[in-house]
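Analysis of the macromolecular model
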Amino acid sequence: IEYFQERGVIVAASKPLRRGGVQESEIVAGLARKYGRTPAQVCLRWCLQKDLVVACKSSCPQRMEENVGVFNFVISEEDVETLDGLTTEEDVRKREERERDTKDAL
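Going along each chain's sequence as written, the residues are numbered from 1 onward. Given that the model is predicted, a residue must reach a pLDDT of at least 70 before its local features are reported, and side-chain atom pairs must reach 80 or more before they are shown or counted; all residues, however, enter totals for whole chains, interfaces and linings. The side-chain values count all of the structure's non-hydrogen atoms but skip hydrogen atoms and water molecules.

So, the packing of helix α2 (residues 26-35) against helix α3 (residues 39-49)
Threshold: Under this scheme, a helix contributes an axis fitted over its contacting stretch, all axes are lines through C-alpha atoms, and angles between N-to-C directions fall in the 0 to 180 degree range. For the purposes of this entry, the term helix denotes a DSSP run of H or I that reaches at least four residues, the term strand denotes a run of E that reaches at least two, and both are numbered from the N terminus. In these notes the angle categories are as follows: under 35 degrees is roughly parallel, over 145 is roughly antiparallel, 65 to 115 is roughly perpendicular, and the rest is oblique. Residues are treated as being in contact if the distance between any of their heavy atoms lies within 4.5 Å. Under this grouping Gly is polar, as are all residues other than the nonpolar Ala, Val, Leu, Ile, Met, Phe, Trp, Tyr, Cys and Pro and the charged Asp, Glu, Lys and Arg.
Running from N to C, α2 and α3 point in directions that differ by 95°, and their axes come no closer than 8 Å. Taken as axis vectors, α2 and α3 run roughly perpendicular relative to one another. In contact with V28, L31 and A32 of α2, α3 contributes P39, V42 and C43. Classifying every residue of the contact of α2 with α3 gives six nonpolar, no polar and no charged.

Some points on the packing of aromatic side chains
Our working rule: Stacked, tilted and edge-to-face are the three classes applied to pairs of Phe, Tyr and Trp rings, where Trp contributes its six-membered ring and a pair requires centres within 6.5 Å; stacked means planes under 30 degrees apart, edge-to-face means over 60, and tilted covers the rest. The classification of residues rests on relative accessible area computed with a 1.4 Å probe and restricted to protein chains. Under 20% of the type maximum is buried, over 50% is exposed, and intermediate values are partly exposed. For a ring to carry a charge above it, either NZ of a lysine or CZ of an arginine must fall within 6 Å of the ring centroid while also lying within 35 degrees of the normal to the ring plane.
By the definition in use, this model includes two aromatic pairs. A ring pair is formed by Y3 and F4, whose centres lie 5.2 Å apart and whose planes are at 90°; its orientation type is edge-to-face. Given a relative accessible area of 48%, Y3 falls into the partly exposed group. For F4, a relative accessible area of 42% puts it in the partly exposed group. With a centroid separation of 6.0 Å and an interplanar angle of 45°, the aromatic rings of Y35 and F73 are classed as tilted. Taken together, the positions of Y35 in helix α2 and F73 in the loop between α4 (61-68) and α5 (77-84) put the pair 38 residues apart, joining distant regions of the chain. Each member of the pair, Y35 as well as F73, is classed as buried. When the ring centre of Y3 is taken as origin, the NZ or CZ atom of R7, which lies over that ring, is 3.7 Å away.

Things to note about the nonpolar core
Stated precisely, the cut-off is as follows: The definition of a nonpolar core used throughout is a set of buried Ala, Val, Leu, Ile, Met, Phe, Trp, Tyr and Cys residues joined through side-chain atoms within 4.5 Å.
Of all hydrophobic cores here, the largest spans 15 residues; its most connected members are V42, W46, L52, I75 and L83. Those elements giving two or more residues to this core turn out to be α2, α3 and α5.

Some details on the packing of α3 against α5
Direction vectors running N to C along α3 and α5 enclose 105°, while the axes themselves pass 11 Å from each other. Relative to α5, the element α3 is oriented roughly perpendicular. Contacts from V42, W46 and Q49 in α3 reach V80, L83 and D84 in α5. In terms of residue class, the contact of α3 with α5 is built from four nonpolar, one polar and one charged.

What follows is the structure, encoded as C-alpha coordinates:
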(Lines give C-alpha, C1' and ligand atoms only; values in the text may rest on other atoms or scores of the structure.)
Protein backbone atom coordinates (compact mmCIF):
# COMPACT_ATOMS: atom_id res chain seq x y z
CA ILE A 1 0.00 0.00 0.00
CA GLU A 2 2.67 2.47 1.04
CA TYR A 3 4.69 1.78 -2.12
CA PHE A 4 1.83 2.97 -4.32
CA GLN A 5 0.75 5.84 -2.07
CA GLU A 6 4.31 7.21 -2.04
CA ARG A 7 4.06 7.38 -5.82
CA GLY A 8 0.71 9.18 -5.79
CA VAL A 9 -1.38 6.15 -6.72
CA ILE A 10 -4.78 6.00 -5.07
CA VAL A 11 -5.36 2.55 -3.59
CA ALA A 12 -8.84 1.10 -3.34
CA ALA A 13 -9.89 -1.63 -0.93
CA SER A 14 -11.58 -4.27 -3.03
CA LYS A 15 -14.13 -6.21 -1.00
CA PRO A 16 -12.41 -5.34 2.29
CA LEU A 17 -14.87 -7.30 4.38
CA ARG A 18 -15.39 -10.40 2.23
CA ARG A 19 -11.85 -11.68 1.66
CA GLY A 20 -9.52 -13.30 4.14
CA GLY A 21 -11.96 -13.76 7.00
CA VAL A 22 -10.28 -11.02 9.02
CA GLN A 23 -13.56 -10.21 10.77
CA GLU A 24 -13.34 -13.59 12.50
CA SER A 25 -9.92 -12.70 13.91
CA GLU A 26 -9.77 -12.61 17.70
CA ILE A 27 -7.57 -9.52 17.40
CA VAL A 28 -10.24 -7.69 15.41
CA ALA A 29 -12.94 -8.89 17.81
CA GLY A 30 -10.92 -7.59 20.76
CA LEU A 31 -10.44 -4.20 19.14
CA ALA A 32 -14.13 -4.06 18.26
CA ARG A 33 -14.96 -4.57 21.94
CA LYS A 34 -12.35 -1.97 22.96
CA TYR A 35 -13.86 0.68 20.66
CA GLY A 36 -17.49 -0.37 21.15
CA ARG A 37 -17.83 -1.14 17.43
CA THR A 38 -18.42 -4.12 15.22
CA PRO A 39 -15.52 -6.03 13.63
CA ALA A 40 -16.66 -4.70 10.24
CA GLN A 41 -16.46 -1.12 11.49
CA VAL A 42 -12.96 -1.68 12.84
CA CYS A 43 -11.84 -3.11 9.49
CA LEU A 44 -13.40 -0.29 7.50
CA ARG A 45 -11.97 2.34 9.84
CA TRP A 46 -8.51 0.78 9.43
CA CYS A 47 -8.90 1.15 5.65
CA LEU A 48 -9.83 4.81 6.03
CA GLN A 49 -6.92 5.51 8.35
CA LYS A 50 -4.61 3.89 5.79
CA ASP A 51 -6.00 6.38 3.22
CA LEU A 52 -7.60 3.65 1.15
CA VAL A 53 -10.63 4.33 -0.98
CA VAL A 54 -13.44 2.17 0.38
CA ALA A 55 -16.73 1.50 -1.38
CA CYS A 56 -19.24 -0.35 0.77
CA LYS A 57 -22.15 -2.07 -0.88
CA SER A 58 -25.16 -3.27 1.03
CA SER A 59 -28.90 -3.46 0.53
CA CYS A 60 -29.42 -4.02 4.25
CA PRO A 61 -30.43 -0.78 6.05
CA GLN A 62 -28.78 -1.98 9.28
CA ARG A 63 -25.44 -2.52 7.52
CA MET A 64 -25.71 0.81 5.71
CA GLU A 65 -26.14 2.55 9.06
CA GLU A 66 -23.28 0.51 10.52
CA ASN A 67 -21.01 1.51 7.63
CA VAL A 68 -21.67 5.20 8.27
CA GLY A 69 -20.58 4.65 11.89
CA VAL A 70 -16.92 4.42 10.84
CA PHE A 71 -16.52 8.19 10.68
CA ASN A 72 -16.96 9.05 14.35
CA PHE A 73 -14.09 7.15 15.96
CA VAL A 74 -10.36 6.75 15.47
CA ILE A 75 -8.20 3.68 15.98
CA SER A 76 -5.01 4.41 17.92
CA GLU A 77 -1.72 4.23 16.02
CA GLU A 78 -0.71 1.24 18.13
CA ASP A 79 -3.90 -0.60 17.21
CA VAL A 80 -3.48 0.32 13.52
CA GLU A 81 -0.05 -1.31 13.65
CA THR A 82 -1.59 -4.38 15.26
CA LEU A 83 -4.11 -4.60 12.42
CA ASP A 84 -1.31 -4.06 9.89
CA GLY A 85 0.27 -7.23 11.22
CA LEU A 86 -2.74 -9.35 10.28
CA THR A 87 -1.65 -9.45 6.64
CA THR A 88 1.42 -11.55 6.12
CA GLU A 89 3.39 -12.46 3.01
CA GLU A 90 1.88 -15.94 3.28
CA ASP A 91 -1.63 -14.44 3.20
CA VAL A 92 -0.77 -12.50 0.06
CA ARG A 93 0.67 -15.61 -1.62
CA LYS A 94 -2.43 -17.66 -0.74
CA ARG A 95 -4.73 -14.96 -2.14
CA GLU A 96 -2.71 -14.78 -5.35
CA GLU A 97 -2.87 -18.58 -5.69
CA ARG A 98 -6.67 -18.58 -5.16
CA GLU A 99 -7.07 -15.86 -7.78
CA ARG A 100 -4.82 -17.72 -10.23
CA ASP A 101 -6.75 -20.97 -9.65
CA THR A 102 -10.04 -19.16 -10.22
CA LYS A 103 -8.79 -17.68 -13.50
CA ASP A 104 -7.47 -21.06 -14.61
CA ALA A 105 -10.83 -22.67 -13.89
CA LEU A 106 -12.61 -20.18 -16.13
